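So you can see what is in the structure, the chains are spelled out below.
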Amino acid sequence: MLELRPSSPATPESHAILAEYFALRAEEFPGGTYTTSFPDPKAFESPAGVFLLAGPEGAPVGCGGIRRLEDGDAGIRYEVKHLFLKPVTRGQGWGRAILEELERRARGWNAAELVLDTHHTLEAAGALYARSGFEQIAAYNDNKNATRWYRKVL
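The shown structure was predicted, so the numbers you read here are calculated from the model rather than taken from an experiment.

Criteria and thresholds
Residues numbered from 1 in each chain as written. Predicted model: local features only at pLDDT ≥ 70, side-chain atom pairs only at ≥ 80, totals over all residues. Heavy atoms only, no water. Core = buried A, V, L, I, M, F, W, Y, C linked by side-chain atoms within 4.5 Å. Buried < 20%, exposed > 50% of the residue type's maximum accessible area, 1.4 Å probe, protein only. Helix = DSSP H or I, 4+ residues; strand = E, 2+ residues; numbered from the N terminus. Contact = heavy atoms within 4.5 Å. Pairing = 2+ DSSP bridges.

**Observations concerning the nonpolar core**
Moving on, step 1. Counting residues in hydrophobic clusters, the biggest one holds 21 residues, and the most contacted among them are Ile66 and Tyr129.
Moving on, step 2. Contributing elements (two or more residues each) for this core: strand E2 (49–54), strand E4 (75–85), helix H2 (94–108), strand E5 (113–118) and helix H3 (123–131).
Moving on, step 3. Apart from residues no more than four positions distant in its own chain, Tyr129 is found in contact with Leu83, Leu99, Leu116, Thr118, Phe134 and Tyr150.
Moving on, step 4. Counting 12 residues, the second largest nonpolar core, distinct from the first, contains Tyr21, Leu24, Leu53 and Cys63.

**Regarding the environment of Glu20**
Moving on, step 1. With respect to the helices and strands, the residue Glu20 is situated in helix H1 (residues 12–28).
Moving on, step 2. On the accessibility criterion, Glu20 (33% relative accessible area) is partly exposed.
Moving on, step 3. On a C-alpha basis, the gap between Glu20 and Phe84 in space is 9.5 Å, while along the polypeptide they are 64 residues apart.
Moving on, step 4. In contact with Glu20, other than residues within four places in its own chain, are Phe84 and Lys86.

**Comments concerning the pairing of E5**
Moving on, step 1. The element E5 is largely enclosed, with a buried count of six among its six residues.
Moving on, step 2. A two-sided burial pattern is seen for E5, the buried positions comprising Glu113, Val115 and Asp117 on one face and Leu114, Leu116 and Thr118 on the other.
Moving on, step 3. By the bridge criterion, three bridges tie E4 to E5 in an arrangement that is parallel. Directly across from Glu79, in E5, lies its bridge partner Val115.
Moving on, step 4. Pairing geometry for E5 and strand E7 (residues 148–153), over six bridges, is antiparallel. Bridge pairing links Leu114 to Lys152 in E7.

None of this, on its own, says anything about what the molecule does.
What follows is the structure, given as structure tokens:
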């Protein structure tokens, strides 16, 4: 069973897994134009959000977070950010486990919807979002790293 635990994105452990994620994205990103932006830790403090590390303390294998955005048409809205698993751990259902825990926490804060952005080259991520009930929508932000935007009404 995968251990999920809250952490600040500012801790050395969180920073290291995020740095690994960003380096991998930059390496794979078409055209070499990936823009790295470490998250503001305050955006992931309860009830504005949460950042989760996946895996044992001292050896995380992944991460993911949600942060509150301005309310949308449906009401309270949270955004899924930085959902990542080390490549060697993929295919075990852990991405779904992280996403489900983030959704559970958003529901606990009375969220009406979750949104996220991603890049079309992340095919496995797009498939996970579709299987999890997310539908593709028009862009809700100007993230230069994104080519697809998704929404799930809770």
